[in-house]
Amino acid sequence: MCIRDSFNAVVIDIFDMCAVSLGKAVIDTQGESNYDVIEKTNDSNYYKLVIKEGRVVGAQFLLKNGNIGSPGLLFSLITRKDKIECIKKEMYNKKLLFIRPWRSKIYKYLGEII
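**Points about the pairing of strand β1 (residues 9-14)**
- Summarising the sheet, β1 and strand β2 (residues 17-23) pair through six bridges and their orientation is antiparallel. The partner of Ala9 across the bridge, within β2, is Leu22.

**Some details on the nonpolar core**
- Of all hydrophobic cores here, the largest spans 17 residues; its most connected members are Val20, Leu49, Val56 and Phe61.
- Counting only elements with at least two residues in this core, the list comes to β2, β4 (45-52), β5 (55-64), α1 (71-80) and α2 (84-91).
- Among the elements that make up this core, the one with the highest residue count is β5 (four residues).

**A short note on the sheet that holds β1**
- Judged by pairing direction, the sheet is antiparallel, and its five strands sit side by side in the order β1-β2-β5-β4-β3 without closing on themselves. The strands lining the two open edges of the sheet, one partner per strand, are β1 and β3 (35-42). Shown here is a sheet whose adjacent strand axes are inclined to one another by a mean of 10°, direction ignored.

**Some words on the pairing of β3**
- Pairing of β3 with β4, which is carried by eight bridges, proceeds in the antiparallel orientation. Its bridge partner being in β4, Val37 is matched across the sheet by Val50.
- Here β3 hands over to β4 after two residues, with Asp43 in that stretch at a positive phi of 50°.

**Remarks on a nonpolar patch on the surface**
- Nonpolar side chains collect at one region of the surface, where Ile12, Ile14 and Phe15 lie side by side and expose about 350 Å² of accessible area between them.
- Here Ile12 shows up in strand β1.
- Assessed through its relative accessible area of 44%, Ile12 is described here as partly exposed.

Reading the values: rules and limits
- Residues numbered from 1 in each chain as written.
- Predicted model: local features only at pLDDT ≥ 70, side-chain atom pairs only at ≥ 80, totals over all residues.
- Heavy atoms only, no water.
- Pairing = 2+ DSSP bridges.
- Helix = DSSP H or I, 4+ residues; strand = E, 2+ residues; numbered from the N terminus.
- Core = buried A, V, L, I, M, F, W, Y, C linked by side-chain atoms within 4.5 Å.
- Buried < 20%, exposed > 50% of the residue type's maximum accessible area, 1.4 Å probe, protein only.
- Axes fitted to C-alpha atoms, helices over the stretch in contact; angles between N-to-C directions.
- Patch = residues over 30% accessible without salt bridge, like charges linked within 9 Å, V, L, I, M, F, W, Y side chains within 5 Å.
- Areas by Shrake-Rupley, 256 points an atom, 1.4 Å probe, with all protein chains shown as cover.
- Salt bridge = Lys/Arg side-chain N within 4 Å of Asp/Glu carboxyl O.

These figures come from the coordinates and say nothing about function on their own.
Next up, the structure:
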């Protein structure tokens, strides 16, 4: 059962790996055609982003040695319902990036679409 406007967040530490799931999981999107998925591996870390209508609506991570770091940025993106297009504008405008410097760390997740 899912309560309307609720937010799913799970973090678990398993054998020196940290598993994180935020918002919509890929399994929640099965049968729906308006979702995009970005999947990447870097530095022994794995992540998957779920995107709908230009917004990040979910993320799953497997992070080596409990290095939880940046998923908090994506938690903020999901809960604030920020449009990727607005983030893109901030990334390439030094004045806006100066106001929100943490946006520069989002590039490693959204780099291929920004």
